[in-house]
Amino acid sequence: KQEVTQIPAALSVPEGENLVLNCSFTDSAIYNLQWFRQDPGKGLTSLLLIQSSQREQTSGRLNASLDKSSGRSTLYIAASQPGDSATYLCAVRNRDDKIIFGKGTRLHILP
Amino acid sequence: GAVVSQHPSWVICKSGTSVKIECRSLDFQATTMFWYRQFPKQSLMLMATSNEGSKATYEQGVEKDKFLINHASLTLSTLTVTSAHPEDSSFYICSARVRRGGAYEETQYFGPGTRLLVL
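Right, let's walk through the structure included here. Every chain is numbered on its own, with residues counted from 1 as its sequence reads. Whichever chain is written first becomes A and whichever ligand is written first becomes 1, with later ones labelled in order. Where local features are concerned, this predicted model is filtered to residues with pLDDT of at least 70; where side-chain atom pairs are given and counted, the filter is 80 or more; whole-chain, interface and lining totals use all residues. Excluded from the side-chain calculations are hydrogens and water; all other atoms, namely the structure's heavy atoms, are used.

### Notes on the overall build of chain B
Put simply, the rule is: Helix and strand assignments follow DSSP, with helices taken as H or I runs no shorter than four residues and strands as E runs no shorter than two, numbered in order from the N terminus. The globule rule used for comparison is 2.2 Å times the number of residues to the exponent 0.38, while the radius of gyration itself is calculated over C-alpha atoms. Where accessible areas are quoted, they stem from the Shrake-Rupley method and a 1.4 Å probe; at the residue level, only the protein chains shown are allowed to cover.
In terms of helices and strands, chain B carries 0 helices and 11 strands. The C-alpha atoms of chain B give 14 Å as radius of gyration, which agrees with the globular expectation for 119 residues (14 Å, within 12%). By principal-axis analysis of the C-alpha atoms, chain B measures approximately 45 × 25 × 20 Å. Surface accessibility of chain B: about 5,800 Å² in total, with carbon and sulfur atoms responsible for 53%.

Dropping the structure here:
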């Protein structure tokens, strides 16, 4: 059974710092991995999707990496801003097409 | 990108009543939709997979008689929480797989969610 773990559960950093969020998964037989952002009481915003054959994806200040063999992914946020404060969810799509989510990392950027 | 809407965005109801949540794909055909539930500070948990024109497939531990799913058209799936109780209070999110030209795209698109509070 696929399990997705995100570390840390919560993180507070001063504005302007670079930071890394971690995600690990137990079953490496995945189609893809996706990072989402969720603001309080809101739905999901897709940030980056990495196919199983890819190593990383970049969008603006965000960079996501994938090491499928070790079951790990990282989301790197450069030059953090207060507007980046949110919960970041990692999700993997299994071979059975089900998407399994981690519990998320609650990020707070201090002005 | 593809847009998925949900209605209502939030609902408060009395214990014992039934609540229907709609999930619509606005600009694409969604032969498969997924329903998730999220409790406070928890992750999204898949409840069921809904295929147009057929019965939904429920995840282990999800009561199919309590959470009725209907996917009657290529753009609409509904989740009905029957005889709702306070423990059913949660954030319900749907998602849809995009099918264009006979092939599935990789990305699932998520709705904005429906917050249910059962008193």
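### Thoughts on the interface of chain A and chain B
The test is simple: Contact between two residues is taken to exist if any of their heavy atoms lie within 4.5 Å; hydrogens are not considered. Salt bridge, as applied in this entry: a Lys or Arg side-chain nitrogen positioned within 4 Å of an Asp or Glu carboxyl oxygen. For the purposes of these results, a polar contact is taken to be a pair of N or O atoms within 3.5 Å, where, inside protein, one atom must be able to donate a hydrogen and its partner to accept one; residues adjacent in sequence count only when each atom of the pair is a side-chain atom. For this classification, Asp, Glu, Lys and Arg are treated as charged, while Ala, Val, Leu, Ile, Met, Phe, Trp, Tyr, Cys and Pro are nonpolar and the rest, including Gly, are polar.
Across the contact, 18 residues belong to chain A and 18 residues belong to chain B. Counting across the interface, chain A meets chain B through 1 salt bridge. With its nearest N and O atoms 2.9 Å apart, the salt bridge here joins lysine 98 of chain A to glutamate 59 of chain B. Applying the counting rule to chain A against chain B returns 5 residue pairs in polar contact (both at pLDDT 80 or more). Mapped onto the side of chain A that touches chain B, the elements with two or more residues apiece are β4 (30–38), β5 (44–51), β9 (86–94) and β10 (99–101) of chain A. Of the residues assigned to the side of chain A that touches chain B, the class counts are 6 nonpolar, 7 polar and 5 charged.

### What to know about the sheet that holds strand β1 (residues 4–7) of chain A
Paired through backbone hydrogen bonds, the strands of a sheet run either parallel or antiparallel to each other. Residue and element names in this part refer to chain A. Here is the rule we go by: Two strands are counted as paired when DSSP detects at least two bridges linking them. Here an axis means a line fitted to C-alpha atoms, over the contact stretch when the element is a helix, while the angle between two N-to-C directions is reported on a 0 to 180 degree scale.
With antiparallel pairing, the 5 strands of this open sheet are ordered in space as β1-β3-β8-β7-β6. The sheet is open, and its two edges are formed by β1 and β6 (56–59), each paired on a single side. Recorded for the sheet is a direction-independent mean angle of 15 degrees between the axes of neighbouring strands. Where strand β3 (residues 19–25) lies against strand β8 (residues 72–77), 6 bridges are found, and the strand directions are antiparallel. Note on β8: the bridge partner recorded for serine 24 is arginine 72.

### Here we look at the packing of aromatic side chains
Condition: Stacked, edge-to-face and tilted labels apply to pairs of Phe, Tyr and Trp rings (six-membered ring for Trp) whose centres lie within 6.5 Å, assigned for plane angles under 30 degrees, over 60, and everything in between, in that order. Relative accessible area decides the class of each residue, using a 1.4 Å probe on protein chains only: under 20% of the type maximum gives buried, over 50% gives exposed, and in between gives partly exposed.
Under the criterion given, the structure shown has 6 aromatic pairs over all chains. Measuring from centroid to centroid gives 5.5 Å for phenylalanine 101 of chain A and tyrosine 36 of chain B, while their planes differ by 85 degrees, and the two rings are edge-to-face. Separated into two different chains, phenylalanine 101 of chain A in strand β10 and tyrosine 36 of chain B in strand β4 (residues 32–38) make up a pair that spans both. Note on accessibility: phenylalanine 101 of chain A and tyrosine 36 of chain B belong to one class, buried. With 5.8 Å between their ring centres and 80 degrees between their planes, phenylalanine 101 of chain A and phenylalanine 110 of chain B make a pair best called edge-to-face. Highlighted residues: phenylalanine 101 of chain A in strand β10 and phenylalanine 110 of chain B in strand β10 (residues 103–110), drawn from two different chains. Classification of phenylalanine 110 of chain B as buried rests on a relative accessible area of 11%. Counting every residue linked through ring pairs, the aromatic cluster contains Phe36 and Phe101 of chain A together with Tyr36 and Phe110 of chain B.

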